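A structural walkthrough
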Amino acid sequence: ALASEIESLRAGRPESAPGFRFERSQLISASLPREAHVGPGQYVDHIEHVIAVAGEDHVALGGDFDGIWSWPEGLSDASCWQAVAGELRRRGHGEPTIEKIMHGNAERVLGAILDASGANPVPGGCVS
């Protein structure tokens, strides 16, 4: 049934058409067994694994949810990320670590890239 629903989506429009990947991911997500869905707790389990492997200076959240089959429950877009910060707090992570994960590490890396390219409108950092 899932394959035929996806084929119906493909009918008459290319996969590159706006909304196609989103609609396909919704179909796939709806077909997954309930236990395949995760929430903020399991998401933070993965963050803690990366911290253990690479260190807190190498963890950042990404907002490109396009093309994934299933969003973690309660984390369907970046407006929901406070649930991640709350779970990190609940597990005893301090504010400096949470700030790095939530935005600081990404700002630092993007700022360094922009600085190296000479394209940073705010030299020395992404924000004023």
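Basis of the calculations
Residues numbered from 1 in each chain as written. Predicted model: local features only at pLDDT ≥ 70, side-chain atom pairs only at ≥ 80, totals over all residues. Heavy atoms only, no water. Axes fitted to C-alpha atoms, helices over the stretch in contact; angles between N-to-C directions. Helix = DSSP H or I, 4+ residues; strand = E, 2+ residues; numbered from the N terminus. Parallel < 35°, antiparallel > 145°, perpendicular 65-115°, else oblique. Left-handed = near helix turned anticlockwise from the far one by under 90°. Contact = heavy atoms within 4.5 Å. Nonpolar A, V, L, I, M, F, W, Y, C, P; charged D, E, K, R; others polar. pLDDT = per-residue confidence, 0-100. Salt bridge = Lys/Arg side-chain N within 4 Å of Asp/Glu carboxyl O. Buried < 20%, exposed > 50% of the residue type's maximum accessible area, 1.4 Å probe, protein only.

Some remarks on the packing of helix H3 (residues 40–54) against helix H4 (residues 82–90)
Where H3 meets H4, the closest approach of the two axes is 9 Å, and the angle between their N-to-C directions is 70 degrees. In this view, H3 runs roughly perpendicular relative to H4, as classed from their interaxial angle. The element H3 and its partner H4 pack so that their crossing is right-handed. Counted together, Pro40, Gly41, Tyr43, Val44 and Ile47 of H3 and Ala83, Val84, Glu87 and Leu88 of H4 form the full contact between these two elements. By residue class, the composition of the contact of H3 with H4 is 7 nonpolar, 1 polar and 1 charged.

What about the confidence of the model for the protein?
Model confidence for the protein is summarised by a mean pLDDT of 83, while 85% of its residues fall at 70 or above. When pLDDT is averaged over each element of the protein, H4 comes out on top at 95 and helix H2 (residues 20–31) at the bottom at 79.

Here we look at the pattern of salt bridges
Following the criterion strictly, the structure yields 9 salt bridges and no others. The residue arginine 91 makes a salt bridge to glutamate 87 at a minimum N-O spacing of 2.8 Å. For glutamate 87, a relative accessible area of 13% translates into the label buried. Through salt bridges with shared partners, a single network forms among Asp45, Glu48, Glu87, Arg90 and Arg91.

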